4 protein chains.
Amino acid sequence: MWKTPVLIVNFKLYKSGVGEKALELARILDKVSKERGVSIIAAVNTFDAYRIKNEVKIPVILQHADAVEFGAHTGRINVELAREYNLDGLLINHSERMLKISDIDFLIQKSKDLNMVSVVCANNSRVAGALAFLEPDFIAMEPPELIGGNVSVSTAKPEAIVETIEAVKSVRNIPVLVGAGIKNGKDVRKAIELGAEGVLVASGVVKAKDPEMALNDLIGGMM
Amino acid sequence: MWKTPVLIVNFKLYKSGVGEKALELARILDKVSKERGVSIIAAVNTFDAYRIKNEVKIPVILQHADAVEFGAHTGRINVELAREYNLDGLLINHSERMLKISDIDFLIQKSKDLNMVSVVCANNSRVAGALAFLEPDFIAMEPPELIGGNVSVSTAKPEAIVETIEAVKSVRNIPVLVGAGIKNGKDVRKAIELGAEGVLVASGVVKAKDPEMALNDLIGGMM
Amino acid sequence: MWKTPVLIVNFKLYKSGVGEKALELARILDKVSKERGVSIIAAVNTFDAYRIKNEVKIPVILQHADAVEFGAHTGRINVELAREYNLDGLLINHSERMLKISDIDFLIQKSKDLNMVSVVCANNSRVAGALAFLEPDFIAMEPPELIGGNVSVSTAKPEAIVETIEAVKSVRNIPVLVGAGIKNGKDVRKAIELGAEGVLVASGVVKAKDPEMALNDLIGGMM
Amino acid sequence: MWKTPVLIVNFKLYKSGVGEKALELARILDKVSKERGVSIIAAVNTFDAYRIKNEVKIPVILQHADAVEFGAHTGRINVELAREYNLDGLLINHSERMLKISDIDFLIQKSKDLNMVSVVCANNSRVAGALAFLEPDFIAMEPPELIGGNVSVSTAKPEAIVETIEAVKSVRNIPVLVGAGIKNGKDVRKAIELGAEGVLVASGVVKAKDPEMALNDLIGGMM
């Protein structure tokens, strides 16, 4: 469904990443992905997920799903329902939506059962190594203090990238993505030179004046 | 948009209350509401909300929204986005999705600002009275120990219904709904005789072999 | 056990508010309370509570208790146990430890049953009015954005103090305390002139170079 | 401080495991530990921890600590404070008090820094393997559905014990404890034959009519 390096764009709940604007942004991601031949994945909210999935070819994953089976739950959605709506996978344990480890395990296993992709976030190299044991499809390491900031993980913590890849690979051969503060192709190139097999971006694309230009710049660093 | 008594059907995350089946069920609610001239409200999950809203005339409310503004939130949806998708309102603080009081307050105020209906759940008469001060559109009292069971609140706790109505009315003139274990017209009639201005049902309709028959039976108790 | 106006000192988990230093601080509170004839209450962590209670005459309350009965709970303490250790009451729903409304209700009722004092925090006047219906012994309103800051609620939001007192008194005749950023006697005097029957302080005393001087200054504003 | 096999007794918040009764029980544990030459560890609530630690020789650990540094936290305690009170370690992520993985990591690292023992709970073999990467002193696997029940993990899920030990040992050489429903020496013997280096018990001792007899029976299975 994708080849590394991948670029995951987390739409978050930015005003420019929801509703009609989310649709527009997803179309841009779709176009750039096709033009450049690079795997771009959209991580979207539950409300927008179905409409976006119906409009684009790139993989669309949910920003979160609850670790529950069908039943007497109010205000929850689960992985089975995401599957019914043809979503491609899940972002799990993002720094802004951290989970109990038993729930992370539940969501990864459920994703496997339903043939969906799991991207699990970790706040440091130790946690990344631990989560590798659960065998998600991707591990994404993001130092929480850099998320949403102006200094990228590539610049501020190159050693954390190296340590995370070492930790993960010592447990399982799972591709490692990195994120936090990544805004341009230079940040991406650095991350990939250090061994990352992709990056997570959010504000750098979603809040960009010209998301298409921002994407093309980021992708420049992948090549 | 509705007149009392109202019947709120909480689809929960029952297998028969999500995806294609949620659409079918919503159409049945719509049909029965029109035929019988009774206000029926569908409380649905975020995934199904938009599709259901586009197919039916009855009010559609979300089972939950997060108490956040637009911004750097992952895996959250908010009231503004529900408004953009034309949802009619929110179920707030359901026993299976309880909230901090500051978040309940946030969600009620936000619903008012956006002209959406707020149905706030309370687990007893004291909490119902307290929440009345926040001026939601409806207060729904459900004793947690009876939710999903076979004995209705009308039968098991008629005094709790009376006390809740007294508590709420001593603070604000807000319609009180009751729920928990309500399965038939007799349960509904009893609740309304005690002063309730509507009921919440879930499994009694959503898991019924014949939801239309179940609805008609329930509505019989409203007339 | 106390007379208004009261001064509640929240020791938080400041390094200067735990362990041996908590004991010293509690002794200072005790001494100043006696000298000045003013009710001072220490709100302490569970670890230090018992030792402090055994050393001082002023009321000692817990910063938090869990809303559970005795039973199969790990890592929880409850109100009954606080009672067994002779604690005088509870701080409930502090901005740094917010609770579901059903748990707030549980803790207030349990405190009443066990003859303990309940001080319930609210983030604004609406929430304060709602919580008044649950009849705690005190309502303490603290605007979250001012907590720990250098501008006091008295200076930054005098109208919020007035509105809170109106809201609470419209529901029940419960004394209203205010807090957030209160550092000196002038802040206290202003709060009391506006109708508050006491204040909550934390860093202003606990992190003061000379807590005794800080207390005496604060108390000056009460007289 | 201890030698395997170890017996950890989780006092929980059982009426017979708190306050004066907790002290009595701890004395019994101390006596039996000495008499039988077996390592017994008491896992107690924060309120009782200090008094118990002052009365017994056996290691005393907390049932939970919050993953915070000293600072503006209300209703929290941390590992540093537990250290100041001479506690020996922490139970982390018990099924009744599950944590985010970033907090589990924080608590284990902090325990190491302060020379305290960390016992981390896991709900299955996969999670146990993952947590092994964080290098706690012990991993304790308890299938949640068996906790507090009458059928022991040794009887109901012997294969889960074997799988957990394999999973953990494939990552790090950390001793594995098991728990859930363990009531007698036969359950203990079976667990140890399968490779466990100790057991966690709660109701089997804390709610026993004669805790000393219960302990001696359990220890019989260790020899």
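Keep in mind that what you see is a predicted model, and the values were worked out from it rather than measured.

The rules behind each value
Residues numbered from 1 in each chain as written. Chains lettered and ligands numbered in written order. Predicted model: local features only at pLDDT ≥ 70, side-chain atom pairs only at ≥ 80, totals over all residues. Heavy atoms only, no water. Least-squares fit on C-alpha atoms with pLDDT ≥ 70 in both. Contact = heavy atoms within 4.5 Å. Helix = DSSP H or I, 4+ residues; strand = E, 2+ residues; numbered from the N terminus. Buried < 20%, exposed > 50% of the residue type's maximum accessible area, 1.4 Å probe, protein only. Buried area = accessible area lost by both parts, 1.4 Å probe. Salt bridge = Lys/Arg side-chain N within 4 Å of Asp/Glu carboxyl O. Axes fitted to C-alpha atoms, helices over the stretch in contact; angles between N-to-C directions. Parallel < 35°, antiparallel > 145°, perpendicular 65-115°, else oblique. Left-handed = near helix turned anticlockwise from the far one by under 90°. Nonpolar A, V, L, I, M, F, W, Y, C, P; charged D, E, K, R; others polar. UniProt positions renumbered as here; feature names shortened; annotations may be inferred. Polar contact = N/O pair within 3.5 Å; in protein donor to acceptor, adjacent residues only side chain to side chain. Phe/Tyr/Trp six-rings, centres within 6.5 Å; stacked < 30°, edge-to-face > 60°. Lys NZ or Arg CZ within 6 Å of the ring centre and 35° of its normal. Pairing = 2+ DSSP bridges.

Engineer: Which residues make up the relation of the copies chain D and chain C, and what values do they have?
Structural biologist: Put simply, the second copy of the chain is the first one after a rotation about an axis and a shift along it. With an RMSD of 0.0 Å, the fit of chain D onto chain C corresponds to turning through 180 degrees and sliding 0.0 Å along the axis. This pairing of chains is accounted for by a two-fold axis. Both copies share a contact surface, since 100% of the interface residues of chain D are interface residues in chain C too.

Engineer: Give a detailed account of the environment of A43(A), specifying residues and quantitative values.
Structural biologist: Residues and elements named next belong to chain A. Looking at the element boundaries, A43 is found in strand 2 (residues 39-44). By relative accessible area, A43 is classed as buried at 0%. Sequence separation between A43 and Q63 is 20 residues, and the spatial gap between their C-alpha atoms is 5.4 Å. What A43 contacts, discounting residues up to four positions off in sequence, is I8, V9, N10, F11, K12, I61, Q63 and L91.

Engineer: Just give me the short version of the interface of chain D and chain C, but keep the residues and values in it.
Structural biologist: Chain D puts 38 residues into the contact, and the matching count from chain C is 38 residues. Of all residues in chain D, the largest losses of buried area upon contact with chain C belong to L13(D), F47(D) and T74(D), amounting jointly to 28% of the total for that side. Linking chain D to chain C there are zero salt bridges. Looking at the side of chain D that touches chain C, the elements with two or more residues in it are helix 1 (19-36), helix 2 (46-55) and helix 3 (79-84) of chain D.

Engineer: Tell me about the packing of helix 1 (residues 19-36) of chain A against helix 2 (residues 46-53) of chain A, and please be specific about residues and values.
Structural biologist: Residues and elements named next belong to chain A. It is the contact of helix 1 with helix 2, at a shortest axis distance of 10 Å, that shows an interaxial angle of 40 degrees. Here helix 1 is positioned oblique relative to helix 2, judged by the angle of their axes. As helix 1 runs across helix 2, the sense of the crossing is right-handed. Residues G19, E20, A22, L23 and A26 of helix 1 touch helix 2, and the partners they reach there are D48, R51 and I52. Class assignment of the residues belonging to the contact of helix 1 with helix 2 gives a composition of four nonpolar, one polar and three charged.

Engineer: Account for the pattern of salt bridges, with residues named and values stated.
Structural biologist: Applying the stated criterion across every chain yields a total of 52 salt bridges over all chains. With a shortest N-O distance of 2.8 Å, K53(A) and D88(A) are connected by a salt bridge. Within this pair, whereas K53(A) is found in helix 2, its partner D88(A) is found in the loop between helix 3 (79-84) and strand 4 (89-92), the two being separated by 35 residues in sequence. On the accessibility criterion, K53(A) (18% relative accessible area) is buried. K157(B) is the salt-bridge partner of E145(B), the closest N and O atoms lying 3.0 Å from each other. You can see E145(B) sitting in the loop between strand 6 (138-141) and helix 6 (153-156) and its partner K157(B) sitting in the loop between helix 6 and helix 7 (158-171), a full twelve residues away along the chain. One network of salt bridges, in which partners are shared, links K31(A), E35(A) and E212(A).

Engineer: Any details on the UniProt feature "active site" (unreviewed entry) in chain A? Residues and values, ideally.
Structural biologist: UniProt records the feature "active site" (unreviewed entry) at H94(A) and E142(A), using the numbering of this structure. Despite a sequence span of 49 residues, these residues sit close together in the fold, their greatest C-alpha distance being 8.7 Å. Relative to the assigned elements, H94(A) resides in the loop between strand 4 and helix 4 (101-113). Accessibility expressed as a relative area gives 2% for H94(A), which makes it buried. Contacts of H94(A), omitting those with residues within four sequence positions, involve N10(A), K12(A), C121(A), E142(A), I147(A) and T74(B). Its location among the elements puts E142(A) in the loop between strand 6 (138-141) and helix 6 (153-156). Not counting residues within four places of it along the chain, the set of residues in contact with E142(A) comprises H94(A), A122(A), N123(A), I147(A), G179(A), A180(A) and L200(A). Within the structure, the side chain of E142(A) is placed 3.3 Å from the side chain of H94(A), a separation counted as a polar contact.

Engineer: Got a sec to walk through the packing of aromatic side chains? Specific residues and values, please.
Structural biologist: As enumerated under the stated definition, the model contains eight aromatic pairs over all chains in all. Arranged with centres 4.9 Å apart and planes meeting at 70 degrees, the rings of Y50(A) and Y85(A) form a pair that is edge-to-face. On the criterion of sequence distance, the pair formed by Y50(A) in helix 2 and Y85(A) in the loop between helix 3 and strand 4 is long-range, its members being 35 residues apart. When its relative accessible area of 23% is taken as the criterion, Y50(A) is described as partly exposed. One aromatic cluster is present, built from ring pairs that chain together F47(A), Y50(B) and Y85(B). Stacked on the ring of F133(A), the Lys or Arg R172(A) has its end atom at 4.8 Å from the ring centre.

Engineer: Quick one: what's the story with the environment of I147(B), residue by residue and with numbers?
Structural biologist: Residue and element names in this part refer to chain B. Of note, I147 is situated in the loop between strand 6 and helix 6. Spatially, the C-alpha atoms of I147 and E212 are 22 Å apart, while their sequence positions differ by 65 residues. With residues near it in sequence (within four places) discarded, I147 still touches K12, H94, S95, E96, E142 and A180.

Engineer: Describe the sheet that holds strand 7 (residues 176-179) of chain A, listing the residues and the values that go with them.
Structural biologist: Residues and elements named next belong to chain A. Spatially, the eight strands close up into a barrel ordered 1-2-3-4-5-6-7-8, and their pairing is parallel. With direction set aside, neighbouring strand axes in the sheet form an average angle of 25 degrees. Relative to strand 5 (residues 117-122), strand 4 is paired through four bridges, and the arrangement is parallel. Residue pairing across strands places L91 opposite V119, the latter belonging to strand 5. Strands strand 2 and strand 3 (60-62) of the sheet are contacted by helix 2, whose axis makes an angle of about 165 degrees with strand 3.

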